[in-house]
Amino acid sequence: MNATYEWLYDNYAQALQKELYKTETAAIEQLAESIPLSEEHKITLADCLAELRINCGTVSFALGLQLGLHLTENIADFPPTAS
């Protein structure tokens, strides 16, 4: 993994993902319990929502990195400012 990406993940995304995971897991459990489903269907619902969460999170993180790289790629082209 690119060192910049690894640093961003370790110092920003990982902690945020852990916090979001707790909140989202509680919401998924509450939803599964509030709907009259069999245990098998509750597990299926929780699995589907967890997979959706992982996919959306991964795509969001990748898009954020791409945006950041695009925003900073031409910074070196600007002339230095007068001090």
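Below, the structure is looked at part by part. All figures in this text were calculated on a predicted structure; none of them were measured in a lab. (Residues numbered from 1 in each chain as written. Predicted model: local features only at pLDDT ≥ 70, side-chain atom pairs only at ≥ 80, totals over all residues. Heavy atoms only, no water.)

## Quick word on the overall build of the chain
Across its full length, the chain carries two helices and zero strands. Classification of the 83 residues of the chain by burial places 10% in the buried group. Working note: accessible area of the chain is about 7,000 Å², and carbon and sulfur atoms make up 63% of it. (Helix = DSSP H or I, 4+ residues; strand = E, 2+ residues; numbered from the N terminus. Buried < 20%, exposed > 50% of the residue type's maximum accessible area, 1.4 Å probe, protein only. Areas by Shrake-Rupley, 256 points an atom, 1.4 Å probe, with all protein chains shown as cover.)

## As for the side chain of Lys42
Position of Lys42 among the secondary structure elements: in helix H2 (residues 39-72). When residues no more than four places from it in sequence are discounted, the contact partners of Lys42 are Ala32, Glu33, Ile35 and Leu37. (Contact = heavy atoms within 4.5 Å.)

## Focus on the layout of surface pockets
Counted as a void, the largest pocket has a volume near 330 Å³. Residue composition of the lining of the largest pocket, by class: seven nonpolar, four polar and two charged. (1 Å grid on protein atoms, 1.4 Å probe; cavity = no way out; pocket = protein on both sides within 12 Å on 5 of 7 lines; lining within 4 Å. Points joined across faces, edges and corners; volume = space filled by probe spheres on them. Nonpolar A, V, L, I, M, F, W, Y, C, P; charged D, E, K, R; others polar.)

## Regarding the packing of helix H1 (residues 3-34) against H2
Where H1 contacts H2, the two axes come as close as 10 Å, and the packing angle between them is 155 degrees. The angle between H1 and H2 falls in the class roughly antiparallel. Note on packing geometry: the crossing formed by H1 with H2 is right-handed. Touching Tyr5, Leu8, Tyr9, Ala13, Tyr21, Glu24, Thr25, Ile28, Leu31, Ala32 and Glu33 of H1 are Lys42, Leu45, Ala46, Leu49, Ala50, Arg53, Phe61, Leu65 and Leu69, all from H2. Residues belonging to the contact of H1 with H2 are distributed by class as follows: 15 nonpolar, one polar and four charged. (Axes fitted to C-alpha atoms, helices over the stretch in contact; angles between N-to-C directions. Parallel < 35°, antiparallel > 145°, perpendicular 65-115°, else oblique. Left-handed = near helix turned anticlockwise from the far one by under 90°.)

## Structural notes on the pattern of salt bridges
Within the structure shown, the criterion is met by three salt bridges. Put simply, Arg53 and Glu24 hold a salt bridge, and the shortest N to O gap is 3.3 Å. You can see Arg53 sitting in helix H2 and its partner Glu24 sitting in helix H1, a full 29 residues away along the chain. Looking at Glu24, the relative accessible area reads 29%, which means it is partly exposed. With a closest N to O distance of 3.6 Å, Lys42 and Glu33 form a salt bridge. Classification of Lys42 as buried rests on a relative accessible area of 13%. Each of Glu33, Glu39 and Lys42 takes part in salt bridges that share partners, so that together they form one network. (Salt bridge = Lys/Arg side-chain N within 4 Å of Asp/Glu carboxyl O.)

## Notes on H1
Taking 1.5 Å per residue as the helical rise, H1 with its 32 residues ought to reach 46 Å, and the 44 Å between its terminal C-alpha atoms agrees with that figure. The principal kink in H1, of about 45 degrees, is found at Tyr9. Among the residues making up H1, those that are buried are Ala13, Thr25, Ile28 and Ala32. Residues of H1 that are buried sit in contact with H2. (Expected span 1.5 Å × (residues − 1). Bend = angle between axes of the 7 residues up to and from the residue.)

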